[in-house]
Amino acid sequence: MKVTLAEIAQEAGVSVTTVDRVLNDRTGVRDRTRNIVLEIARRRGWFGPVQEEAAIRMDFVLPAGSNSFMGLLHQYLLEEARNYGGIQPMVHVVDGLDPDHMALRLNSLVGKTDAVGLVTLDHPSVRAAIEALSEKGVPVASLVSDLPSLQKTGYIGIDNRSAGRLAGLLMGRFLHPDKNHKVVIVIGSLSYRGHEEREMGFKSILSQDFRNLTIVEIVEVSDDRDRAYTEMRRILADDPPSAIYSIGSGNQGIGQALAEAGIHRDVVFIAHDLTGATKRMLLDGTLDAVIDQNPRVEAREVVKLLASAVRGAAEPQYLPRLQVVFAENIPAL
């Protein structure tokens, strides 16, 4: 039975009227929506029987650890690949802070995969492994943290420098302008270019617009909540800051230390990525704001990008938008 307009509309998340406009080549539909509807219609056989194609072997390499955001990304990559159809997805979890482990896993995929998406640090051995895949004709896309000037199919993720500036703007607005304030930055790892870019953006706006905010310490916690807890306990025992900016993971450890010190509602706390843990911390007042990048959107877009590259088609990139989440506007996960 031929697919219906209603079925295409349901999968695309648009109205039947919009689908009708697209399929009859009428105006009034955004290019992004038009591309999504046309891809679904083609895949579902609206334009005729879909020729069977060999399944695409698509591998994703993610860092191991207790990072809740990476857990969500892992889940959504598998879901979106299976929903897309014609893809055999596989997620590999490795020690993300060990470049040799990451490079070894990437090198092991040469000749065994059709496409690779990855979240990785910026290191010469990792870059060499990515180049080896690209030279074999394997499309490679970076996720979350970019690797510019590298031969790859594309990058799916936010502008991390803008994200850091946004965090600085929020913090400057939250804190009293007529007082001086001490700020602590908790960073996952400077080996991730995305974390480095967030730090740069945050520092730049503080130096430009909020001279009353002084960064008194930058602590690197390797995206580990236990280490974040230990470091924050040390900092709070010495001289509690007015505000904390958490660039990567470890937010639960920071929140636990603040709660035990009885100041979780007194310190301005801004972090990244909406997860079950950060949602609870927004609701109880520990977190003031979360800057989200929507891992489901990133998963969907990287699957589309890599599948199109394997099949020799051009796929426009729709990067996820930055969204500031407060306790009052928490979306469903």
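Before reading on, note that the structure itself is shown above.
Now for a quick tour of the structure. In this text, all values refer to a predicted model and were calculated from it rather than measured experimentally. (Residues numbered from 1 in each chain as written. Predicted model: local features only at pLDDT ≥ 70, side-chain atom pairs only at ≥ 80, totals over all residues. Heavy atoms only, no water.)

Turning our attention to the layout of surface pockets. Of the volumes computed, that of the largest pocket is approximately 520 Å³. Split by residue class, the lining of the largest pocket holds six nonpolar, four polar and eight charged. Space inside the second largest pocket adds up to approximately 450 Å³. Around the second largest pocket sit 35 residues that line it, and N67, M70, D223, G248 and S249 are the ones nearest its centre. (1 Å grid on protein atoms, 1.4 Å probe; cavity = no way out; pocket = protein on both sides within 12 Å on 5 of 7 lines; lining within 4 Å. Points joined across faces, edges and corners; volume = space filled by probe spheres on them. Nonpolar A, V, L, I, M, F, W, Y, C, P; charged D, E, K, R; others polar.)

On to the nonpolar core. Grouped together as the largest cluster of nonpolar side chains are 45 residues, with contacts concentrated most on M58, L73, L106 and V302. Going through the elements one at a time, strand 1 (56–63), helix 4 (68–84), strand 2 (87–94), helix 5 (99–108), strand 3 (115–118), helix 6 (124–135), strand 4 (140–143) and helix 12 (295–310) are the ones with two or more residues in this core. With nine residues, helix 4 is the single largest residue contributor to this core. Residue contacts for V302: discarding those within four places in its chain leaves F60, L77, A141, L143 and I156. Core analysis: the next-biggest nonpolar cluster, separate from the first, contains 22 residues, V221, A228, L258 and V267 among them. (Core = buried A, V, L, I, M, F, W, Y, C linked by side-chain atoms within 4.5 Å. Buried < 20%, exposed > 50% of the residue type's maximum accessible area, 1.4 Å probe, protein only. Helix = DSSP H or I, 4+ residues; strand = E, 2+ residues; numbered from the N terminus. Contact = heavy atoms within 4.5 Å.)

This part is about the sheet that holds strand 6 (residues 181–187). The strand order across the open sheet formed by six strands is 7-6-8-9-10-11, and the pairing between neighbours is mixed. Looking along the sheet, the strands with just one partner apiece sit at the ends: strand 7 (213–220) and strand 11 (323–325). Across the sheet, the mean angle separating the axes of adjacent strands is 20 degrees when strand polarity is ignored. As paired elements, strand 9 (residues 268–272) and strand 10 (residues 289–292) share three bridges and run parallel to each other. (Pairing = 2+ DSSP bridges. Axes fitted to C-alpha atoms, helices over the stretch in contact; angles between N-to-C directions.)

The subject of this paragraph is the packing of helix 10 (residues 251–260) against helix 11 (residues 276–283). At a minimum axis separation of 10 Å, helix 10 and helix 11 run at an interaxial angle of 30 degrees. One finds that helix 10 runs roughly parallel with respect to helix 11. In terms of crossing hand, the pair formed by helix 10 and helix 11 is left-handed. Contacts between helix 10 and helix 11 involve N251, Q252 and G255 on the former and, on the latter, A277, T278 and M281. Its residues placed into classes, the contact of helix 10 with helix 11 shows two nonpolar, four polar and no charged. (Parallel < 35°, antiparallel > 145°, perpendicular 65-115°, else oblique. Left-handed = near helix turned anticlockwise from the far one by under 90°.)

On to unusual backbone geometry, then. Residues other than glycine seldom take positive phi values, yet V144 does so here, at roughly 70 degrees. By secondary structure assignment, the location of V144 is in the loop between strand 4 and strand 5 (154–156). Phi angles above zero are rare outside glycine, and N294 is one such case at about 60 degrees. Relative to the assigned elements, N294 resides in the loop between strand 10 and helix 12. Classification of N294 by relative accessible area gives partly exposed; the value is 32%.

Sheet faces and side chains relate simply in a regular strand, where the side chains alternate between the two faces. For strand 6, the buried fraction is high: six of the seven residues fall into the buried class. Where strand 6 lies against strand 7, seven bridges are found, and the strand directions are parallel. Residue pairing across strands places V186 opposite V219, the latter belonging to strand 7. Handedness of the β-α-β unit built from strand 6, helix 8 (residues 193–209) and strand 7 comes out right-handed. Judged from the four bridges that link them, strand 6 and strand 8 (residues 243–246) form a sheet pairing that is parallel. In the strand pairing of strand 8, V183 is matched with A243. (Right-handed = clockwise from strand over helix to strand, strands pointing away.)

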